[in-house]
Structure formats: structure tokens, C-alpha cells
Amino acid sequence: TFFFPGLTATEKKLAEYKCNTNEAIQLKLVRFPEDLEDENTTFNPEYSHQVFGDDEVAFGYKGLKILLYYIAGNLSTLFRIEYTSRVNEKFDCVEADDVESKIREIIPPGFCTNTDDFVSLLEKEVNFKPFGMLLHTYSIHNEEAGEDITYQIYKADMTCPGFREYHERLQTFLMWFIETASFIDVDDERWNYFLVFEKYNKDGATLFATVGYMTVYNYYVYPDKTRPRVSQMLILPPFQGEGHGAQLLETVHRYYMSSPTVLDITAEDPSENYVKLRDFVLVKLCQDLVCFSPVKLMQGFSQEMVTEAQQKLKINKQHTRRVYEILRLRATNMGDAEQSRSYRLDVKRRLIGPYKKKQRELAKMRRCLRPEEMTNQLNQIDLNLQREQLEESFQQLVSDYRRVLERLAQA
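Just so you know, these numbers come straight off a predicted model, no measurement behind them.

Visitor: Report on empty space enclosed by the protein, specifying residues and quantitative values.
Guide: Within the structure shown, the criterion is met by 1 cavity of 30 Å³ or more. When its volume is computed, the largest cavity comes out at roughly 60 Å³. Taken together, L249, H253, I265, T266, A267, Y274, R278, L282, I315 and H319 make up the full set of residues lining the largest cavity. Sorting the residues of the lining of the largest cavity by element identifies α9 (244-257), β14 (266-267) and α10 (272-286) as the ones contributing at least two each. Considering each element in turn, the lining of the largest cavity owes the most residues, 3 residues, to α10.

Visitor: If you had to explain the packing of α10 against helix α13 (residues 317-331) to someone new, which residues and values would you point to?
Guide: One can describe the packing of α10 onto α13 by two numbers: an axis separation of 9 Å at closest approach and a directional angle of 75°. The orientation of α10 with respect to α13, classified from their angle, is roughly perpendicular. Taking contact as the criterion, the partners of V275, R278, D279, L282, V283 and C286 in α10 are, on α13, H319, R322, V323, I326 and L327. Of the residues in the contact of α10 with α13, the class split is 7 nonpolar, 1 polar and 3 charged.

Visitor: Summarise the nonpolar core; cite the residues concerned and give the values.
Guide: Residues W176 and F292 are the most contacted members of the largest nonpolar core, which totals 107 residues. Both domain 1 (13-125) and domain 2 (129-330) contribute no fewer than three residues apiece to this core. Those residues in contact with F292 that sit more than four places away from it in its chain are C286, L297, M305, T320, V323, Y324 and L327. Of all hydrophobic cores here, the second largest spans 9 residues; its members include L36, Y69, F118 and L122.

Visitor: Quick rundown of the pattern of salt bridges? Include the residues and the values.
Guide: One pass over the full model with this rule turns up 20 salt bridges. With a shortest N-O distance of 2.7 Å, R80 and E82 are connected by a salt bridge. The class of R80 is partly exposed, set by a relative accessible area of 26%. Residue classification places E82 among the partly exposed positions, given a relative accessible area of 30%. Between D264 and R227 there is a salt bridge; the shortest N-O distance is 2.6 Å. Here the residue D264 occupies a position in the loop between α9 and β14, and R227 occupies one in strand β13 (residues 225-235), the gap between them amounting to 37 residues. A relative accessible area of 3% means that D264 is categorised as buried. Overall, R227 belongs to the partly exposed group, its relative accessible area being 29%.

Conventions adopted
In this convention, every chain numbers its residues from 1, walking through the sequence in written order. Residue-level local features of this predicted model are given only where pLDDT is at least 70; pairs of side-chain atoms are given and counted only at 80 or more, and the full residue set underlies all totals for whole chains, interfaces and linings. In computing side-chain values, all of the structure's heavy atoms are included and hydrogens and water are not. Here a cavity means grid points, on a 1 Å grid over the protein atoms only, where a 1.4 Å probe fits yet cannot get out; a pocket means an open set of points with protein on both sides within 12 Å along at least five of seven lines; lining residues are those with an atom within 4 Å of a point. Grid points are joined across faces, edges and corners, and a volume is the space filled by probe spheres set on the points. Put simply, DSSP H or I for four residues or longer makes a helix, DSSP E for two residues or longer makes a strand, and each gets a number counted from the N terminus. Think of each axis as a best-fit line through the C-alpha atoms, taken over the contacting stretch in the case of a helix, with angles from 0 to 180 degrees between the N-to-C directions. Each angle receives one of four descriptions, namely roughly parallel if under 35 degrees, roughly antiparallel if over 145, roughly perpendicular if within 65 to 115, and oblique otherwise. Contacts are assigned to residue pairs with any non-hydrogen atoms lying within 4.5 Å of each other. The nonpolar class holds Ala, Val, Leu, Ile, Met, Phe, Trp, Tyr, Cys and Pro. Asp, Glu, Lys and Arg form the charged class, and all remaining residues, Gly among them, are polar. Among buried residues, those of type Ala, Val, Leu, Ile, Met, Phe, Trp, Tyr and Cys that are joined through side-chain atoms within 4.5 Å constitute a nonpolar core. Per-residue accessibility, obtained with a 1.4 Å probe over protein chains only, is compared with the maximum for each type, and a residue is labelled buried under 20%, exposed over 50%, and partly exposed between these values. Throughout the structure description, domain borders are defined by an automatic or database domain assignment. Salt bridges are defined by distance alone: a side-chain nitrogen of Lys or Arg within 4 Å of a carboxyl oxygen of Asp or Glu.

Put into C-alpha cells, the structure is as follows:
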């Protein structure tokens, strides 16, 4: 509930009818009928601004609940709206938001609106099988269950029967968990889809639950190569923090590594979390390459590293440079003044590139605008600020790199 001091009685009354949509939307991945009543299986969106506006508020209801329940495997959907009371046009002279049509815009038709229909669909879930070609199987020990759980990664495309409809249901999760999500043009054949499933048992049968997925677009590179670009990647909240993202990204890299026509793999507008994940996966892949031996790392970044990482692992130059910096940090004794200084200079030399470019542009502008002595003074101020920013960037980078190395040590 929102409280607004100093409002008129009517305004106060209407303020009580505002609901935070991130709290109102309740999501579930349902395996058993009892999951429907179990609050522990409910999770909420991180974002709802793409559907409900920047305030992430729905007006006109008290106790609003927007239920979006999905069957764990094929993602058949139950959509229902509940509330304790609603503003009335006759008495309150205002209209409630049309919540239902806003949700209908993003979820595909064919959903259930009552629980009985949903439960009867749940009974057919035993027939659901993952789409496409199996690429990788792995298991993770689950403390709570006290056993190893098996997961599988598949590559699918729109020719797989039923996949188009399944993907329409799956992509609705993007709206709630990726800040700038958008739906893709599935009729473009250059998209690849990679899906993660968990295998679980129900009444003696093996079933599959959706864990997450990644979409990759294959760009053409002249004359005869492609450059796959990761577009969207989402591990659903109940499975986050278990290492599935790393398994998925590594599997996708390995899939493209075997293709002679692939040049290298990039990502579209990557988030901070994705960059950290990519650092970990690429360092894990690269650490055994000959060109990244400790002796070679101490000699500095080389063309040999760029070539070997690109040819063997489909990693581009920019990402190879980060891998080099992380592995060199591991090989460097930061307690040794000489080694530490050498590492710091090496990384800062790369970081200063954009500053130098900016400096040259500023100098050009100032020559046209101001007398010489002012230019010098301003450059001096700039340099001090630049040194501070550079040091800050360096420290931040090293702390990110250390986290990657810690994770690597545990892997």
C-alpha cells in the first residue's frame, strides 16, 4: 500500500487502490497439483515496466493478484486475476486499469483460466519431451534433495513440431526478467535456440522441466563465414545461482567451435552479469591453451593469443584480451613490487585508450575556442581527474577478475 500525507480524502481513498505490479504478479512453474497451493514455489518479476509503465503500478484494485502459472515442461499457462475490491466508475468516477488486456498482449492465446483445466493438462505432461538435438548432459548435487539432479541442453529450431508455440510461451518470461527485452522475429531462419531442461521423476516416470534458454543470431561475414551473436539468455529464477548459465554458454561455444564456417562469437548489448559469466567460461576454456602458459603471459598480450583463441575456441580479440588479463593476474605475484607494477601498467595502457582519444578530440576543440594558457590549465585538471578515474577502473577490474579466479578455483 502507498501512503501519501497531505492529500484530500478522495485522493487518499484512490491512493489505496494502487498496487505494485512486481508484487502483484505471481509466477509459478508447476510440477505437481500441490505446487498450486505452495507459496514456496511462487516467484515474482524483477521488472514489469514494459507492460505496466515506468511506475510499475496498476491502479483501481485492492489486494490485486495476477496469477501466471506455467506447467514446468511445456509451459501451458494458467492466467487469472484476483482482487479484494475494485474502484467503481459510478461512485468513484474513475476507471480501473485494464490489467487483463495488458497481460493478454504478451502471453499467447490458448491459456487456461480455471484451475481444473490446468490440472488436467498437468496430467498429460508425462508426454512432453525436449525439442531438437541433445548437445550436453550434466548433473549438479542438490543439497535439499540430497541427490544429484540431471540436466540436459538441446539445440532447437522452428522446424521442431510444437516448438514455435512453446517458444511463444517461454519468451514471455523475458518481459519480467530482462530490463530491455523484446520478442524476436521467429520467421528469420538465422536464429538458433538453446534450451536447458531438468530431468525429474513423477510416479515412476521421467519428466522434463524448463530451466532456461539462449537465443543466438548468425550474422553473415564476408566472404563465407558467420558470426553468431548471443541475443537473449535467461535462467529462470528457481534455478539461478546453480551454475546453469555457465553450462549453457560453454555448451553453445563448444557447439560453434566445431564449425569451420564460424569466425567468432559475440553478444548483443551484454549486461554486467553476462560479462562476468562470459569471463568465467572463456577463461575456463582458454587456460589450457599453449599461448596462455605462465611464461607467455608474463611476456605480454600477443597476436599468437588472438589467433589461437579465435581459431580453436571462436573467441574474438577483445574478449581474448580480457582472458589474458585475468590469467596474467593469476600468474602474477601482486606482493612483488616489480610484477605488480608491470601488471598495473599493462592493464592501464589498455584502459587509457578511450581517454587518449577523448583528449585528442578535446584538444582539437579547444584550439579553435580558447587561448593557449587556458588549454594547458584545463588539460592539467583533466589529467588529475583522468588518473583518478583510471585508478578506479583498474581497481574495479581487478576485483572482478579475482572473483572469476575464485570461481575457477572452485570449478
